[in-house]
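Next come the chains, spelled out residue by residue.
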Amino acid sequence: MTKKRFLAVIPARGNSKSMRNKNIVDLSGNPLMFYTLDAAKKAKLLDRIVVSTENWSIKEVALSNGVEVIDRPPELSEDSVNATRPVIHAIQHLQEKENSYYDYVVLLQPNFPFRKAEQIDEAIERMLENIENADSVISVTKQDHPPWWLKQINEDGLLVDFLQYDKSKRTERQHFPSTYALQGCIYIAQSDLLIQKGLFNLLERSLPYVMNEISAMEIEKAEDIEIADFYMKVKGY
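Heads up: these notes are all about the structure in this document.

Parameters and conventions
Residues numbered from 1 in each chain as written. Predicted model: local features only at pLDDT ≥ 70, side-chain atom pairs only at ≥ 80, totals over all residues. Heavy atoms only, no water. Helix = DSSP H or I, 4+ residues; strand = E, 2+ residues; numbered from the N terminus. Expected span 1.5 Å × (residues − 1). Buried < 20%, exposed > 50% of the residue type's maximum accessible area, 1.4 Å probe, protein only. Arc of directions from axis to C-beta. Contact = heavy atoms within 4.5 Å. Patch = residues over 30% accessible without salt bridge, like charges linked within 9 Å, V, L, I, M, F, W, Y side chains within 5 Å. Areas by Shrake-Rupley, 256 points an atom, 1.4 Å probe, with all protein chains shown as cover. Salt bridge = Lys/Arg side-chain N within 4 Å of Asp/Glu carboxyl O. Lys, Arg positive; Asp, Glu negative; His and termini not counted. Charge placed at Lys NZ, Arg CZ, Asp CG, Glu CD. Pairing = 2+ DSSP bridges. Axes fitted to C-alpha atoms, helices over the stretch in contact; angles between N-to-C directions. Phe/Tyr/Trp six-rings, centres within 6.5 Å; stacked < 30°, edge-to-face > 60°.

## Description of helix 6 (residues 222-233)
Turning to step 1, where the next piece is worked out: Taking 1.5 Å per residue, twelve residues should reach 16 Å; helix 6 reaches 17 Å between its end C-alpha atoms and fits that length.
Turning to step 2, where the next piece is worked out: Three or more residues of helix 6 are buried, namely Asp224, Ile225, Ala228 and Met232. Around the axis of helix 6, the buried residues are gathered within 100 degrees of arc, so they sit on the same side. Exposed side chains of helix 6 directed beyond 90 degrees from the buried face belong to Glu226 and Lys233.
Turning to step 3, where the next piece is worked out: Against the buried residues of helix 6 lie strand 2 (26-27) and helix 1 (34-42).

Given below as structure tokens:
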């Protein structure tokens with residue numbers, strides 16, 4: 001079998017509304033995105049790593065850590081833009097400008113500081129082992145709280161079930177099947193198919209890569225930085 005080539009794309013824009021300069025905010029002495037750059041560089045199965053950004057400060061962080069940058073158009077840098085679009089732009093940019101083609105693309109969002117190189121490689125290996133029956137691999141975490149226990153508030157202000165189920169037969173957590181939440185930590189997909197579909201979540205044959213909650217911790221607000229800093233300094237992650 002011909003060796004498959006994997007391109008890692010790290011989309012890091014500068015105008016995040018959830019936290020000012022989120023991708024380069026300090027976390028334990030390094031810019032937040034440093035931890036994703038470092039993990040990607042240490043991964044053994046990635047053939048190339050690029051950062052997609054419109055921001056000069058982010059570009060400097062990437063280049064100073066030995067990672068090349070693709071300049072992202074301003075229209076792909078707004079809050080409303082799905083993370084898949086700059087990934088597709090990066091794929092097509094390399095195809096058009098360099099005639100460089102990669103079989104698979106690996107999306108590594110920069111606000112997941114606990115993702116390890118070994119986990120990136122494990123996810124890629126899962127993809128390689130299932131090329132014939134899957135189009136993508138998506139990181140997930142197992143959920144402790146069954147979604148059947150979620151409630152809605154109706155127009156009368158009363159709690160009602162979000163999902164209907166037989167309460168007489170399912171009274172304990174173990175009575176429910178295991179459920180998993182999608183995480184933005186690692187996405188892998190066939191490059192051509194992703195371009196065709198336009199979104200990772202539209203790929204129908206997706207395999208899970210199960211991660212623990214700390215490895216898949218996402219930084220979205222200032223409180224998350226404090227928690228992550230605690231895990232790094234006190235817990236040694």
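## Some words on a nonpolar patch on the surface
Turning to step 1, where the next piece is worked out: Where nonpolar side chains cluster on the molecular surface, the patch consists of Leu150, Phe162 and Leu163 and spans about 250 Å² of accessible area.
Turning to step 2, where the next piece is worked out: When its relative accessible area of 30% is taken as the criterion, Leu163 is described as partly exposed.

## With respect to a negative patch on the surface
Turning to step 1, where the next piece is worked out: On the surface, a cluster of negative charge is contributed by Glu118, Glu122, Glu125 and Glu129.
Turning to step 2, where the next piece is worked out: The topology assignment puts Glu129 in the loop between helix 4 (117-128) and strand 7 (136-142).
Turning to step 3, where the next piece is worked out: By relative accessible area, Glu129 is classed as exposed at 63%.

## Considerations on the sheet that holds strand 11 (residues 206-210)
Turning to step 1, where the next piece is worked out: Within the open sheet, the seven strands sit side by side as 5-4-1-6-10-7-11. Their pairing is mixed. Since the sheet does not close on itself, it has two edges, and those belong to strand 5 (68-71) and strand 11, each with one partner. Across this sheet, the average inter-strand angle for adjacent strands is 30 degrees, counted without regard to direction.
Turning to step 2, where the next piece is worked out: Examined bridge by bridge, strand 7 and strand 11 share five bridges and lie parallel to one another. The residue bridging Ile138 from the neighbouring strand is Pro208, located in strand 11.

## Things to note about the packing of aromatic side chains
Turning to step 1, where the next piece is worked out: The full count for this structure, using the stated rule, is five aromatic pairs.
Turning to step 2, where the next piece is worked out: Taken together, the aromatic side chains of Phe114, Phe230 and Tyr231 make up a single cluster linked through ring pairs.

Everything listed is a geometric property; what it means functionally is a separate question.
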